[in-house]
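Listed below, chain by chain, are the residues.
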Amino acid sequence: MTARQIVFDNSDNLYNIAGTGQVVLDNVDAGNASIDVLAGTHQFQAMVSLLRDSDVTTAAAVEGESEAGVLSFDGPVALNGNTLNITAGSTVNINHAEVGAASGTVSNSGTLGGTDMNAINGDLTNNADGTLGINIGGTGQYEFDSFQVAGAADLAGSLSVELAEGFTLSGNESFEVLTAGSLVNSGISLSGPNAADFTLAVNTATGVVTLSAGGGGGGLGGGGTDPPKSVVSKNATYLNIYL
């Protein structure tokens, strides 16, 4: 399936695009291709392939009316030398997805999260208004979120850290939350419910970003509200669309 724009506009149903086919984003006219989530939580399990720069925009939460829109890539994303732009205020997750066949760039001005280990086989730019979401539920390899960037990572904005409910730090843990082929520190800082419990180290020589417990403030236990990853209404219907 080839499209220049895909729109999700349903908060009652979770749409899952799956199957052995792929979604190709292209725009024969001038301008970027786009995926817009106007309402609800939706996901791609099928491969998504970019033939030109593409924008992902999800709706912001409206207090008392609606939750934030969320888009998750649960399958591979082929950048093909293009840029995937996560626009300001948007929430996007790459869950075990391999992003970046044939290189390219993920440019984040929203909130970019993931599940466990997430590979970006290209470049990552976290802009001044961008947030990288890290959830920590343990010290094991697959118990905390991390990003492996094969190319260059340029990090501004913030890294939001939150402990999963029930997990408590002892005070001497260390977590490698991002590795990159090359790393530029453009002023990234800590944020999130448990920011005070950690110290952030950005080592541009080794290309490693580390969170070390013992930041010197707040409690060392989890139990806040995770950044939105899979927010689905209790009455939502899970709908599979196979390619």
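Quick note: structure is the one above.
In this text the structure is predicted, and so the values were computed from the model without any measurement.

1. Considering the overall build of the protein
Of the regular secondary structure elements, the protein holds zero helices and 25 strands. Buried positions account for 47% of the 243 residues belonging to the protein. When contacts within the protein are restricted to residue pairs at least 6 apart in sequence, those whose partners lie at least 24 apart make up 63%. Accessible surface computed for the protein: about 10300 Å², of which carbon and sulfur atoms make up 47%.

2. A look at the side chain of His 42
Tracing the backbone through its elements, the reader meets His 42 in strand β6 (residues 41-44). Within the structure, the side chain of His 42 is placed 3.2 Å from the backbone oxygen of Asn 10, a separation counted as a polar contact. The contact partners of His 42, leaving out residues within four places of it in the chain, are Phe 8, Asn 10, Asn 13, Leu 14, Tyr 15, Val 37, Val 70, Leu 71 and Ser 72.

3. Concerning the environment of Val 177
Structurally, Val 177 can be placed in strand β21 (residues 174-185). Sequence separation between Val 177 and Met 117 is 60 residues, and the spatial gap between their C-alpha atoms is 8.9 Å. Setting aside anything within four residues of it in sequence, one finds Val 177 in contact with Ile 134, Phe 144, Asp 145, Ser 146, Phe 147, Leu 159, Val 209 and Leu 211.

4. Section: the nonpolar core
Core analysis: the biggest nonpolar cluster contains 49 residues, and Phe 44, Phe 73, Ile 136 and Leu 178 have the highest contact counts within it. At five residues, the largest contribution of residues to this core is made by β21. Discounting residues that sit within four places of it in the chain, Leu 178 has contacts with Leu 124, Leu 132, Phe 147, Val 149, Ala 153, Leu 155, Leu 183, Gly 207, Val 208 and Val 209.

5. Focus on the pairing of strand β14 (residues 105-108)
On β14, burial covers both faces: Thr 105 and Ser 107 on one face and Val 106 and Asn 108 on the other are all buried. Looking at chain direction, strand β11 (residues 83-86) and β14 are connected through four bridges and run parallel. Its bridge partner being in β14, Ile 86 is matched across the sheet by Asn 108. Across four bridges, β14 lies against strand β17 (residues 123-126) in parallel orientation. Paired with Ser 107 across the two strands is Thr 125, which belongs to β17.

6. So, the environment of Gln 148
By the secondary structure assignment, Gln 148 is in strand β19 (residues 146-155). Residues Gln 148 and Asn 121 lie 27 residues apart in sequence; the distance between their C-alpha atoms is 8.0 Å. With residues up to four places along the chain from it excluded, the contact list for Gln 148 reads Met 117, Asn 118, Ala 119, Ile 120 and Thr 179. At 2.9 Å, the side chain of Gln 148 and the side chain of Ser 146 are in polar contact.

7. Describing the pattern of salt bridges
All chains considered together, the criterion is met by two salt bridges. Arg 4 serves as the salt-bridge partner of Asp 29, at 2.2 Å between the closest nitrogen and oxygen. Of this pair, Asp 29 sits in the loop between β4 (22-25) and β5 (33-39) while Arg 4 sits in the loop between β1 (2-3) and β2 (5-9); the two residues are 25 residues apart in sequence, bridging distant segments of the chain. Judged by its relative accessible area of 46%, Arg 4 is partly exposed.

8. As for the pairing of β17
Of the two faces of β17, only the one carrying Leu 124 and Asn 126 is buried; Asp 123 and Thr 125 on the other face are not. By the bridge criterion, three bridges tie β17 to β19 in an arrangement that is parallel. Of the residues in β19, the one forming a bridge with Leu 124 is Ala 153.

Conventions and cut-offs
- Residues numbered from 1 in each chain as written.
- Predicted model: local features only at pLDDT ≥ 70, side-chain atom pairs only at ≥ 80, totals over all residues.
- Heavy atoms only, no water.
- Helix = DSSP H or I, 4+ residues; strand = E, 2+ residues; numbered from the N terminus.
- Buried < 20%, exposed > 50% of the residue type's maximum accessible area, 1.4 Å probe, protein only.
- Contact = heavy atoms within 4.5 Å.
- Areas by Shrake-Rupley, 256 points an atom, 1.4 Å probe, with all protein chains shown as cover.
- Polar contact = N/O pair within 3.5 Å; in protein donor to acceptor, adjacent residues only side chain to side chain.
- Core = buried A, V, L, I, M, F, W, Y, C linked by side-chain atoms within 4.5 Å.
- Pairing = 2+ DSSP bridges.
- Salt bridge = Lys/Arg side-chain N within 4 Å of Asp/Glu carboxyl O.

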